[in-house]
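Observations on chain architecture
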Amino acid sequence: MGLVKVCTAADVPEGEVRRFQVNGREVAVVNLGQEGFRAVDAICSHAHYFLDEGEVDVDLETIECPKHGSTFDLNSGKPRTLPATLPVQVFPVKNESDDILIEVEE
Ligand code: FES
């Protein structure tokens, strides 16, 4: 495992999500404000749609798939609603001096 810089804190406004490529993977970085940043696989586990085009719920700490509406827990990656049944991968995030770093497999 290694830490990789994905973006800066200013790149992702509070309550929003942005997609970045990290080691050839699409990663959605979410800014939950006081609760910090989260990073999950940007591609829905149900079909090939980008979660970063969906809505973030800061209070519930979820992101909603724009295609069929499954919501995913940003801490566990597990879907909270159907039709998705499989989790998306979650990446540990560190905010170091406003650099957003995530842990990915080498
Ligand atoms: S593609 Fe995401 S819920 Fe269907």
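The structure this text deals with has already been given above.
So, here's what we can say about the structure. Each chain carries its own residue numbering, running from 1 in the direction its sequence is written. Residue-level local features of this predicted model are given only where pLDDT is at least 70; pairs of side-chain atoms are given and counted only at 80 or more, and the full residue set underlies all totals for whole chains, interfaces and linings. Excluded from the side-chain calculations are hydrogens and water; all other atoms, namely the structure's heavy atoms, are used.

1. Some words on the overall build of the protein
Secondary structure elements are defined from DSSP: runs of H or I of at least 4 residues count as helices, runs of E of at least 2 residues count as strands, and each element is numbered from the N terminus. If you tally the helices and strands in the protein, you get zero helices and ten strands. Of the regular secondary structure in the protein, the N- to C-terminal order runs β-β-β-β-β-β-β-β-β-β. For 106 residues, the compact-globule formula gives about 13 Å, and the C-alpha radius of gyration of the protein, at 13 Å, lands near that figure. Each of the three principal axes of the protein carries a C-alpha extent, and together these read 40 × 30 × 20 Å. Every one of the 106 residues in the protein was classed for burial, and the buried ones make up 42%. In these tables, accessible area is a Shrake-Rupley quantity obtained with a 1.4 Å probe, and a residue counts as shielded only by the protein chains included in the view. Here the protein has roughly 5700 Å² of accessible surface; of this, 45% comes from carbon and sulfur atoms. Residues counted as positive are Lys and Arg, residues counted as negative are Asp and Glu, and His and the chain ends are not counted. Note that the charge is assigned to NZ on lysines, CZ on arginines, CG on aspartates and CD on glutamates. Within the protein, one finds 9 positive and 20 negative side-chain charges whose respective centroids are separated by 4 Å. Radius of gyration: C-alpha atoms only; globule rule: 2.2 Å multiplied by the number of residues to the exponent 0.38. Summary of the burial criterion: residues with accessible area below 20% of their type's maximum are buried, those above 50% are exposed, and those between are partly exposed, where the area comes from a 1.4 Å probe applied to protein chains only.

2. With respect to the packing of aromatic side chains
Only Phe, Tyr and Trp rings are paired, with Trp represented by its six-membered ring, and only when their centres lie within 6.5 Å; those with planes under 30 degrees apart are stacked, over 60 edge-to-face, the remainder tilted. This structure, assessed with the given rule, holds zero aromatic pairs. Over the face of the ring belonging to Phe50 we find Arg19, whose NZ or CZ atom lies 3.5 Å from the ring centre. Whether a charge sits over a ring depends on NZ of Lys or CZ of Arg being within 6 Å of the ring centre and within 35 degrees of the ring normal.

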